[in-house]
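Observations on the model geometry
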Amino acid sequence: MGNAAVTVRNLWAKYVGSGDWVLRGVNLEVREGEMLVLMGPSGCGKSTLLKVLAGLLPWVIPGTVEGEVLVAGVDVLRYGYKGLAGKVGVVYQNPEVQVVTRSVFEELAMAPENLGLPKEEVRARVESVAKALGLEDYLFKDPQSLSGGEKQLVAIASVLTMRPKVLLLDEPTSMLDHLGTRLVLDLITQLKKEYGLTIVAAEHRVEWAVEVADRVAVMSDGAVVLEGSPSEVFSRVEEVQKYGVRPPGVSEVAYNLVRMGFPIRIPVRLSEMEEVLGGG
Amino acid sequence: MLSGIYVEGRSLFHNLDPRAKLLWALLVLAASIAAQFNGLKSLPVFISTLIALSLSGIGAGLAALLVFNASVFLLVTTLVWAGMYASQGTPLVTIGFLRITDVGLLVASGKFFLIVNPILAFVVFFTTTKPYHISWTLEKVGVPSKLAFSFVIALSLLPGVVRAVRDVTDVQKLRGLSLDKGSLLERLRKHVPVIVPVISRLLSDVWDLSMVLASRCFGVSRKRSYVEEPHWTRRDTVFVLISAAFYLGVVAWAMRP
């Protein structure tokens with residue numbers, strides 16, 4: 001891993017009208033090419049943290065933010081979302097509101113067009129992203145005719161045409177069906193493995209997170225309470241559960257076995273469970 | 001989300017350069033203003049917009065709806081303007097206190113065409129021009145990029161408002177709300193449970209949209225680039241020349257005493 005792509009120091013944030021701080025002294029660091037998955041129950045501050053990282057809070061959403069936030073080398077609290085233009089891509093929960101134009105081509109071209117890039121460059125970026133993501137046959141379709149999962153793929157593709165250094169994903173599968181979820185999670189895995197993008201994702205699908213994430217941060221009540229590799233975090237089953245996060249199924253089974261007196265280590269992946277049970 | 005009122009098609013109007021269509025709509029407006037006191041002189045402009053509607057390929061249903069709504073409006077303007085000019089000209093019809101004269105009828109129809117002609121012309125423009133190209137056209141005529149795109153967004157949200165009203169009305173009716181019973185005041189009061197959720201839903205959509213647009217670098221560059229730019233062809237030149245000759249002819253005719 002390279003230099004820090006995201007640095008958060010002692011971050012406090014709240015919205016206008018909310019009496020209490022929503023984020024309370026968050027500290028985080030994500031290195032270039034690393035994938036961090038934020039987990040925690042609803043209202044723990046995951047989305048708010050992503051809004052601060054995207055330069056939206058307090059620049060688009062009124063609120064108060066204190067601390068230090070550096071994303072892709074930009075002082076976010078000083079320059080806001082405009083300072084991050086082209087450097088950070090954000091994907092939200094609801095695919096319906098993220099698909100805003102009449103064709104997939106227009107959708108993919110929108111961000112680089114807004115950046116004022118030459119049209120040859122915009123066209124080249126659209127074609128290259130569409131090819132990489134297998135969206136070539138969709139280019140001239142109306143996005144409204146696509147399924148939820150396909151719309152979310154288009155939403156992700158439309159920020160990739162900016163060639164961002166950091167990708168922020170705010171529960172991108174929470175409004176999708178099983179097939180759509182699979183489609184989106186496979187794409188994020190591909191982006192991580194093949195393109196080495198720095199990714200910060202809020203996602204509650206824990207089995208997927210332990211397979212692809214380099215690190216997991218569990219949030220509770222506006223603070224990061226557990227942080228480390230998926231193995232480090234989810235082997236602490238009791239603690240994870242205490243903060244409202246469901247550990248992987250294999251970890252729960254192993255934890256119950258430990259409580260029954262079996263002296264085994266707690267795995268977080270199915271492949272590790274095979275090793276544990278097989279004595280390997 | 002931003003589909004607007006654009007109707008996909010391959011009609012003559014769909015294939016024209018948006019600048020040519022905008023110029024045509026402005027000529028319709030100019031001719032309608034010039035002939036607003038004489039419906040007879042404004043009638044050719046009205047006929048031309050009906051021809052444009054039929055050539056725009058927006059569908060007979062929508063066109064019929066527009067013309068029907070226009071005829072209701074004709075009745076209103078006739079009553080208002082003919083009433084105001086009741087003392088001028090030769091009386092044609094007298095119904096109770098209302099006296100319709102030839103002058104009143106000409107003014108009433110002129111005022112009717114003043115409102116209806118530009119509406120029909122701009123309906124043709126907006127239904128045959130993609131929101132993407134409306135934004136491009138506005139920028140080409142000197143509107144700042146941010147303002148041009150904001151205008152397109154505002155325009156494009158209109159069908160969303162209609163959809164939201166329909167959805168919320170259906171839901172409230174299922175809950176037992178009867179909107180078509182009671183006095184006028186009572187009916188207005190009954191619309192509150194429709195209006196409040198619609199506004200709340202629209203605010204939420206606009207809020208989400210603003211975040212999506214901010215994340216897609218909206219307004220970052222002073223000048224937006226466009227990959228798909230329309231091209232001005234000889235067909236556009238011919239269309240503009242014929243339109244200019246026709247509508248400026250109407251203007252000249254209308255200016256004559």
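Residues numbered from 1 in each chain as written. Chains lettered and ligands numbered in written order. Predicted model: local features only at pLDDT ≥ 70, side-chain atom pairs only at ≥ 80, totals over all residues.

1. Topic: the interface of chain A and chain B
Formally: For every residue pair, C-beta atoms are placed from the backbone, and the pair is scored as a contact if these atoms sit within 7 Å. Numbering of helices and strands runs from the N terminus, with a helix taken as a DSSP run of H or I at least four residues long and a strand as a DSSP run of E at least two residues long.
With 33 residues of chain A at the interface, the matching set in chain B holds 24 residues. Contributions of two or more residues to the side of chain A that touches chain B are made by α2 (76-83), α3 (95-98), α4 (104-114), α5 (119-132) and α6 (148-160) of chain A. Top contributing element to the side of chain A that touches chain B by residue count: α4(A), with six residues.

2. Some remarks on the sheet that holds strand β6 (residues 88-91) of chain A
Strand pairing within a sheet occurs via backbone hydrogen bonds; the two strands may be parallel or antiparallel. Residues and elements named next belong to chain A. So the rule is basically this: At least two bridges found by DSSP between two strands is the condition for calling them paired. Helix axes are fitted only over the stretch in contact, all axes being lines through C-alpha atoms; the angle between N-to-C directions runs from 0 to 180 degrees.
What the six strands build is an open sheet, ordered β6-β7-β8-β3-β9-β10; its pairing is mixed. Whereas interior strands pair on both sides, the edge strands pair on one side only; in this sheet they are β6 and β10 (223-228). Mean inter-strand twist for the sheet, computed between neighbouring axes without regard to direction, equals 15°. Note that strand β9 (residues 215-220) and β10 share five bridges and pair antiparallel. Directly across from Val218, in β10, lies its bridge partner Leu226. Sheet strands touched by helix α1 (residues 46-53): β3 (35-39), β7 (166-170), β8 (198-202) and β9. Its angle to β8, the strand with the most contacts, is close to 145°.

3. Notes on the sheet that holds strand β1 (residues 4-15) of chain A
Residue and element names in this part refer to chain A. Ordered in space as β2-β1-β4-β5, the four strands form an open sheet in which the pairing is antiparallel. Lying at the two open borders of the sheet, with one neighbouring strand each, are β2 (23-31) and β5 (74-75). Relative to β2, β1 runs antiparallel, the two being bridged by seven bridges. Residue pairing across strands places Thr7 opposite Glu29, the latter belonging to β2.

4. Quick notes on the domain arrangement of chain A
Residues and elements named next belong to chain A. For clarity, the cut-off: Residue ranges for the domains originate in an automatic or database domain assignment. Throughout this entry, Asp, Glu, Lys and Arg are counted as charged residues, while Ala, Val, Leu, Ile, Met, Phe, Trp, Tyr, Cys and Pro are counted as nonpolar. The remaining residues, Gly among them, count as polar.
Per the domain assignment, the segments of chain A are domain 1 (4-247) and domain 2 (248-280). Of note, the centres of domain 1 and domain 2, computed from C-alpha atoms alone, are 32 Å apart. Counting from both sides, the interface comprises ten residues of domain 1 and, opposite them, seven residues of domain 2. Considering each element in turn, the side of domain 1 that touches domain 2 owes the most residues, four residues, to helix α8 (residues 206-212). By residue class, the composition of the side of domain 1 that touches domain 2 is six nonpolar, two polar and two charged.

5. Things to note about the environment of Gln88(B)
Residue and element names in this part refer to chain B. Structurally, Gln88 can be placed in the loop between α4 (60-84) and β1 (91-95). Gln88 sits 16 residues away from Gly104 along the chain, and the two C-alpha atoms are 7.2 Å apart. If sequence neighbours within four positions are ignored, Gln88 has contacts with Thr101, Val103 and Gly104.

6. As for the pairing of β6(A)
All names here are of chain A. The condition is simple: Partly exposed residues are those whose C-beta has more than 12 but fewer than 20 other C-beta atoms within 10 Å; with 20 or more the residue is buried, with 12 or fewer it is exposed, and the C-beta atoms are placed from the backbone.
Side-chain alternation along β6 places Val88 and Val90 on one buried face and Gly89 and Val91 on a second face that is also buried. Of the pairings in the sheet, the one linking β6 to β7 comprises four bridges and is parallel in character. Residue pairing across strands places Val91 opposite Leu169, the latter belonging to β7.

7. Points about the nonpolar core
Note the threshold: To count as a nonpolar core, a set of buried Ala, Val, Leu, Ile, Met, Phe, Trp, Tyr and Cys residues must be joined through C-beta atoms within 7 Å.
Of all hydrophobic cores here, the largest spans 109 residues; its most connected members are Leu38(A), Leu53(A), Leu168(A) and Val200(A). For this core, the leading source of residues is α6(A), giving seven residues. When residues no more than four places from it in sequence are discounted, the contact partners of Leu168(A) are Leu50(A), Leu53(A), Ala54(A), Val88(A), Val90(A) and Val200(A). If you look at the next biggest cluster of nonpolar residues, it comprises 36 residues, including Trp24(B), Val28(B), Phe46(B) and Ala254(B).

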